[in-house]
Amino acid sequence: MDLADCYKKVRQRTEQICWPLQTEDYVVQPVVDVSPPKWHIGHVTWFFETFILKPYFMGYQEFNPNYNYVFNSYYETVGNRVIRTDRGNLSRPTVIDIYSYRKYVDEAMQGFLCGQISDEVKELLILGFNHEEQHQELLLTDIKYILGHNPLFPAYSTSYVSPKVDAVDAGFIKMDEGIYEIGFEGEGFCFDNELNRHKVYLNAYEISPNLVTNAQYLEFINSGGYHDFRHWHAEGWDWVNTNKVEAPLYWHLIDGEWHNYNYHGLQVLNINEPVCHISYFEAYAYASWKGLRLPTEFEWEAAATKFSWGKAWEWTESSYLPYPGFAKAPGAIGEYNGKFMVNQKVLRGASEATSPGHSRVTYRNFFQTNLRWQFTGIRLAR
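Basis of the calculations
Residues numbered from 1 in each chain as written. Predicted model: local features only at pLDDT ≥ 70, side-chain atom pairs only at ≥ 80, totals over all residues. Heavy atoms only, no water. Helix = DSSP H or I, 4+ residues; strand = E, 2+ residues; numbered from the N terminus. Expected span 1.5 Å × (residues − 1). Buried < 20%, exposed > 50% of the residue type's maximum accessible area, 1.4 Å probe, protein only. Arc of directions from axis to C-beta. Contact = heavy atoms within 4.5 Å. Pairing = 2+ DSSP bridges. Axes fitted to C-alpha atoms, helices over the stretch in contact; angles between N-to-C directions.

## Quick notes on helix α4 (residues 95–112)
Here's step 1: Across its 18 residues, α4 extends 26 Å between first and last C-alpha, which sits within 8% of the 26 Å expected from 1.5 Å per residue.
Here's step 2: All buried positions along α4 are accounted for by Val95, Ile98, Tyr101, Arg102, Val105, Asp106, Ala108, Met109 and Phe112. Burial along α4 is one-sided: seen end-on, the buried residues are contained in an arc of 165°. Facing away from the buried side of α4 by more than 90 degrees, the exposed set consists of Ile96 and Lys103.
Here's step 3: Its buried side turned inward, α4 meets α1 (3–18), α2 (37–56), α3 (67–71) and α5 (119–148).

As structure tokens, then:
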């Protein structure tokens, strides 16, 4: 692996994602879950400065000591930080300042990567690449939320191409009962939450080869699914009524016709595409309405080679918990995944916003049950 080339490609893609933005787009934070694009650009730069350059590059001079407070996300080990809800209040550093910071760190990293790299630092670098790829996906989802909640519904990019997913006519895939191995093994990178590989027993089950489409989800809406408590968890029913939810995020009923905001702007809803941007509550309610259920993450992984995935992350019925033998790494890096293993559901697969080559069958994404800004969809099981 050419580490310098990998670094350059990862960093360039982040800037390519931000290229269509105007300066004003960089600073908006409509809700707590969405970070301003300029914060993402600063944070991933801070990651390389904090975990690579400062401890391992002799003579490196920190760009600005105050940036540790501004761009630390959740690493308690590294020190205090701006709370997440206040990221949108940071008019300074400016977008120009942050790009200057990025250029400064990139030049230092190029010098660092010309030298001998130990195995320990190589692991940190690869984690840094994967970390930035995660933020590339977050950038795309956050940009969509920012522009999709602007009353003018501006397009992000008219040249954006959404991947096509062809539906399969075949019925449910039958999976035998038995013992299956779950978790990452082999060469290459994985996150710590994909370890350790272990055995699980699964009863016989069936899983759909297709994601639920907008047309199918419309049937749920038109049947009064959002107004029938029988299909919802108690917490989900409270969420629907408190927030007056009537449809997936980004759906708008205009003159009796459903429209959907995407990267091209506000468009007439494509009923053949997989339904997207729904909460776990909605996914569960839809499955209940169909007399079916969501797969567990183990059922999903055991069957994943038999169907295609990648248009939307898929809610599972599994809580986000550690695998047997899971151990957090010492120091700040140990805060990467383990501290979030509570009150979340596992998402499997990948989405159209996932960085190329970033996902795999064992990848475990995770979100809270009420969140919808991520590209999230439904695969049914029985």
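## Notes on the sheet that holds strand β10 (residues 365–367)
Here's step 1: If you walk across this open sheet you meet the four strands as β10-β9-β8-β11, and the pairing is mixed. Across the chains shown, the open sheet's two edge strands, defined by having one partner strand only, are β10 and β11 (376–377).
Here's step 2: Sitting on the sheet, helix α8 (residues 280–289) is in contact with β8 (313–319) and β9 (345–348), with an inclination near 85° to β8.

## Digging into unusual backbone geometry
When glycine is set aside, most residues are seen to have a negative phi, and most peptide bonds are trans.
Here's step 1: Following Arg92, the chain continues into Pro93 via a peptide bond in cis, with omega recorded as 0°.
Here's step 2: Structurally, Pro93 can be placed in the loop between α3 and α4.
Here's step 3: Of note, the amide linkage connecting Leu195 to Asn196 takes the cis form, showing an omega dihedral of 5°.
Here's step 4: Position of Asn196 relative to the elements: it lies in the loop between β2 (178–182) and β3 (198–202).
Here's step 5: In this structure, Phe153 takes a positive phi of about 50° despite not being glycine.

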